Amino acid sequence: MERDICPDSVPFSSSLDKSKVLNVKPLRSLVPVFPSPHGFTTFSPPQVPPFVCTQPSGPFPPGFSPFNPFFVPPDSQQHPQTPTNQPGGFGFNHPTQTPSVPLPSFRTPPPPAARAQFAGAGNGDEGSSKKSSRNREAGINKGESVRSVTEEDACNDNRIWAAPYVSSFNMHITDAETTSNGEKQKSKSHKRVKCNQDTKLSLSAVGDIFMTFDARQRADGDRESVTHILTTFDALRRRLNQIEDAKEANPGVIRRSDLKAGAILMNKGIRTNMKRRIGFVPGVEVGDIFFFRFEMCLVGLHAPSMAGIDYMSIKFEQEEEPVALSIVSSGAYEDNVGDGDVLIYSGQGGNINRKDKQVVDQKLERGNLALERSLRRATEVRVIRGMNVGHSNSAVKVYVYDGLYQIQESWIEQGKSGFNVFKYKLVRVPGQPDAFKIWKSVQQWKEGSTTRVGVILPDLTSGAETVPVSLVNDIDDERGPAYFTYFPTLKYLKPVKSIISSFGCNCRGPCLPGDANCSCISRNGGNLPYIGTGIIVSQKSLVHECGPSCSCSANCRNRVSQTGLKVHLEVFKTKDKGWGLRSWDPIRAGAFICEYAGEVVDKIKGDEDRDQDEDDEYIFDAAHTYDSSFQWNYVSELLDEMPGDTNETDKTSLPLTISAKNVGNVARFMNHSCAPNVFWQPVLRANNNESDLHIAFYAIKHIPPMTELTYDYGIIQSETHSNNARHRRKICLCGSSKCRGGFG
DNA sequence: GCGAAATCAGTTTA
DNA sequence: CTAAACTGATTTCG
């Protein structure tokens, strides 16, 4: 029997011991792997079929024309976007669906002719709105001039069409700009200059770290650059936050590491999709999540740093009109109709949220006017839904990109203060992947108002963790993985003398970030390795946490990996990789997820019992190494900071081998990926100089709910493994364009 | 003590 | 150049 393929199906018993659950040979099945037909990174779930462009056949919704891949609207300075060249592009919710009407998101905006019925400029339309006329105040700002194309856009466009491959420059040229002393120059002219750089300017030291961006990439992003920019932003933000934390707290001083990091990246040109556009933004996928407005700004999803409506002027026939590009909904006015496909959005202005000025009626200007015109022109609007997530003590706002919507109607309503407010009803364009809907489902599962399909156990830890871990299979009939004992942390069979000092600190209360006397902080290079609630700043060879021999309190911020799970996880049956792990909650970059629990294996003894080891699919060996290209930390060059020990990434291999075969936690279900969203990190807890060493997992990037969590199993360094003929390399099923083909 | 409201500093874009 | 904007962290209020 092929033991590597066949999952051990254990008959499900309703009266099973709750401390044990069923199991499968999960993580590494030997199934043939086929090369991706696309050859690009697929960050979207692999079950999504490739887009197939069939012959269009009507009827079409009003305002839509059949898709013609060779037609470029004369006023649209965009490449004709054929679906297959979209990295990680959309798929359809229903795999069997054959699209007869192409996704509007793949197209450039339809030509004005196709929307003749919407193009009437007059006020006499008999729209579907039964409410008070939305045109009452039209014309107030009719003459408002909105630039049609930014200077930079024009410059980029010129590059694209005239000399597409000429310019290539490093994207973080610093030249005249300095960010030291908080001195910020808004040199708009400087940006223009950048477009004309033909020479490759690079700081070689940094150039190795950063990818090289050319003008086209800045104008039109792709998945890789978007990911890279977001990673760079958050790494910088975390570091700035860490620096601020260490300073003495001044009452009333508000620290905004997000603004600082954002401004630096803006100044250095580390951004993409600078060419504004209607609809699909290359490299940004429906369902992507953000924790700061600046993140959406940098990747071109939503340009304004504060305003909720992004808009630009578009030329329709002879007239130029502002149309909305994207909106950010705070959720305050969110409509509960349907499955979250409808959104009621309030217009801007009227100083609703400001007390220092008189509250007045909203006017049909700026964003409000743009939304009005988008309604008339039937252009699509990107919708980002902001939501307050998290528990009372740490409420965080998360932004979910929910894809494209169309405005169905608008009206004027009296707000609470008695003044007029514009309202817009937006309906989601069908055929896009679920995003906000997933959030709604999770919310309902938690409330208990709907039941999660396929739940086998509501909590496979039987209360061993402070949050439940669901066991779910909505794929097939398998009732669970093979028996193992759930245990939330490591089992050291005997105390091991630490080779690294780990005597505890003498702090009272929580350890304070700036405390030079805290020995634990000192061992971390002078900085607390975490910010906020359990966000790690940098990946390091070793993180020193406080431990049993410290006198600090249990709520010390240097005890992140020892305080248990924070998010609601779910062990689920994957399509082709056995069991896997994912989260109901969103996880932000750097957040602690779990540790690798299990029994610490004596390696020498392990060599003797080689036969046993070969059967163990649940070994974690700290001797594994990362892919050398893994670069997660902030780059000190962006901070005018000398590379220091706080940023060291030296990966000394540590003598720790864990087996989770018989005893373990959720980590044993995490699958491998060559393009992972989780990394591991050795953590040493202060414990009377014993080797209280653990392996902790943290998020590489923001992870939307219900996305599988994966880490890179790495390559084993040990010669005994590679020379062992019986050690078989597993074939990788991650489906990434960066897939190495195998692991182990 | 907790959730909500108020306050304040700060950045991009039109 | 300046005003405007559904920010985000922190303090105050009920």
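For the structure, check the block above.
Residues numbered from 1 in each chain as written. Chains lettered and ligands numbered in written order. Predicted model: local features only at pLDDT ≥ 70, side-chain atom pairs only at ≥ 80, totals over all residues. Heavy atoms only, no water.

Another aspect to go through is the pairing of strand 18 (residues 579-583). Within strand 18, five of the five residues are buried, which leaves it mostly tucked inside the rest of the structure. Neither face of strand 18 is left uncovered, since the one carrying Trp 579, Leu 581 and Ser 583 and the one carrying Gly 580 and Arg 582 both have all their residues buried. Pairing analysis gives five bridges linking strand 17 (residues 569-573) to strand 18, with the strands arranged antiparallel. Across the sheet, the residue bridging to Lys 573 is Trp 579, located in strand 18. Linking strand 17 back to strand 18 in an antiparallel pair, the connection comprises five residues, with Gly 578 at a positive phi of about 70°. (Buried < 20%, exposed > 50% of the residue type's maximum accessible area, 1.4 Å probe, protein only. Helix = DSSP H or I, 4+ residues; strand = E, 2+ residues; numbered from the N terminus. Pairing = 2+ DSSP bridges.)

What follows is about the environment of Phe 294. Within the element layout of this structure, Phe 294 appears in helix 7 (residues 293-298). Taking relative accessible area as the criterion, Phe 294 reaches 13% and is therefore assigned buried. Sequence separation between Phe 294 and Gly 262 is 32 residues; the distance between their C-alpha atoms is 6.0 Å. Apart from the residues lying within four places of it in its own chain, the contact partners of Phe 294 are Phe 233, Asp 258, Leu 259, Gly 262, Ala 263 and Met 266. (Contact = heavy atoms within 4.5 Å.)

Turning to the sheet that holds strand 11 (residues 469-472), a few remarks are in order. With mixed pairing, four strands are arranged side by side in an open sheet as 10-11-17-18. Of all strands in the sheet, those with a lone pairing partner are strand 10 (455-457) and strand 18, marking the two edges. Pairwise comparison of adjacent strand axes, ignoring direction, gives a mean angle of 35° for this sheet. Two strands pair when backbone bridges link them, and strand 10 and strand 11 are joined in this way by two bridges, in the antiparallel orientation. Opposite Leu 457, over in strand 11, you have Leu 471 as the bridge partner. (Axes fitted to C-alpha atoms, helices over the stretch in contact; angles between N-to-C directions.)

Another point: the packing of helix 5 (residues 223-246) against helix 6 (residues 257-268). Interaxial distance between helix 5 and helix 6 falls to 8 Å at its minimum, and their mutual angle equals 130°. As the angle between them shows, helix 5 and helix 6 are arranged oblique. Read as a crossing pair, helix 5 and helix 6 show a hand that is right-handed. Judged by residue contacts, Ile 229, Thr 232, Phe 233, Leu 236, Arg 237, Leu 240, Asn 241 and Glu 244 of helix 5 engage Ser 257, Asp 258, Lys 260, Ala 261, Gly 262, Ile 264 and Leu 265 from helix 6. For the contact of helix 5 with helix 6, a count of residues per class yields seven nonpolar, four polar and four charged. (Parallel < 35°, antiparallel > 145°, perpendicular 65-115°, else oblique. Left-handed = near helix turned anticlockwise from the far one by under 90°. Nonpolar A, V, L, I, M, F, W, Y, C, P; charged D, E, K, R; others polar.)

Between its first and last C-alpha atoms helix 5 spans 35 Å; for 24 residues at 1.5 Å apiece the expected length is 34 Å, and the two agree. Of all 24 residues in helix 5, 21 are buried, a share of seventy percent or more. The N-cap residue of helix 5 is Asp 222: its side-chain oxygen and the backbone nitrogen of Glu 224 are 3.2 Å apart. (Expected span 1.5 Å × (residues − 1). Polar contact = N/O pair within 3.5 Å; in protein donor to acceptor, adjacent residues only side chain to side chain.)

Moving on, we get to the environment of Val 360. Relative to the elements of secondary structure, Val 360 occurs in the loop between strand 6 (342-346) and helix 8 (366-377). A relative accessible area of 35% places Val 360 in the partly exposed class. Distance in space between the C-alpha atoms of Val 360 and Gly 349 is 8.4 Å, their sequence separation being 11 residues.

A few words now on the sheet that holds strand 20 (residues 598-600). Spatially, four strands are ordered 13-20-23-21 in an open sheet, and the strand pairing comes out mixed. Of all strands in the sheet, those bounded by a partner on one side alone are strand 13 (490-491) and strand 21 (619-621). As paired elements, strand 13 and strand 20 share two bridges and run parallel to each other. Within strand 20, the position partnered with Leu 490 by the bridge is Gly 598.

Let us look at the side chain of Arg 385. Following the sequence through the fold, Arg 385 ends up in strand 7 (residues 380-389). Polar contacts involving the side chain of Arg 385 include one to the side chain of Asp 402, which spans 3.4 Å. A distance of 3.0 Å separates polar atoms of two side chains, one belonging to Arg 385 and the other to Tyr 405.

The tally for this structure, following the rule as stated, stands at 18 aromatic pairs. With a centroid separation of 5.6 Å and an interplanar angle of 65°, the aromatic rings of Phe 484 and Phe 669 are classed as edge-to-face. Note that Phe 484 is positioned in the loop between strand 11 and strand 12 (485-486) and Phe 669 in the loop between strand 24 (663-664) and strand 25 (671-672), a separation of 185 residues in sequence. Measuring from centroid to centroid gives 4.9 Å for Tyr 711 and Tyr 713, while their planes differ by 45°, and the two rings are tilted. Looking at Tyr 713, the relative accessible area reads 6%, which means it is buried. Seen from the ring of Phe 572, Arg 582 lies directly overhead, with NZ or CZ sitting 3.7 Å from the centre. (Phe/Tyr/Trp six-rings, centres within 6.5 Å; stacked < 30°, edge-to-face > 60°. Lys NZ or Arg CZ within 6 Å of the ring centre and 35° of its normal.)

Okay, the side chain of Asn 368 next. Its location among the elements puts Asn 368 in helix 8. Within polar-contact distance, the side chain of Asn 368 engages the backbone oxygen of Lys 363 at 2.9 Å. Residue contacts for Asn 368: discarding those within four places in its chain leaves Ile 309, Gly 347, Gln 348, Gln 362, Lys 363, Phe 422 and Tyr 424.

All we've got here are geometric facts, nothing functional implied.
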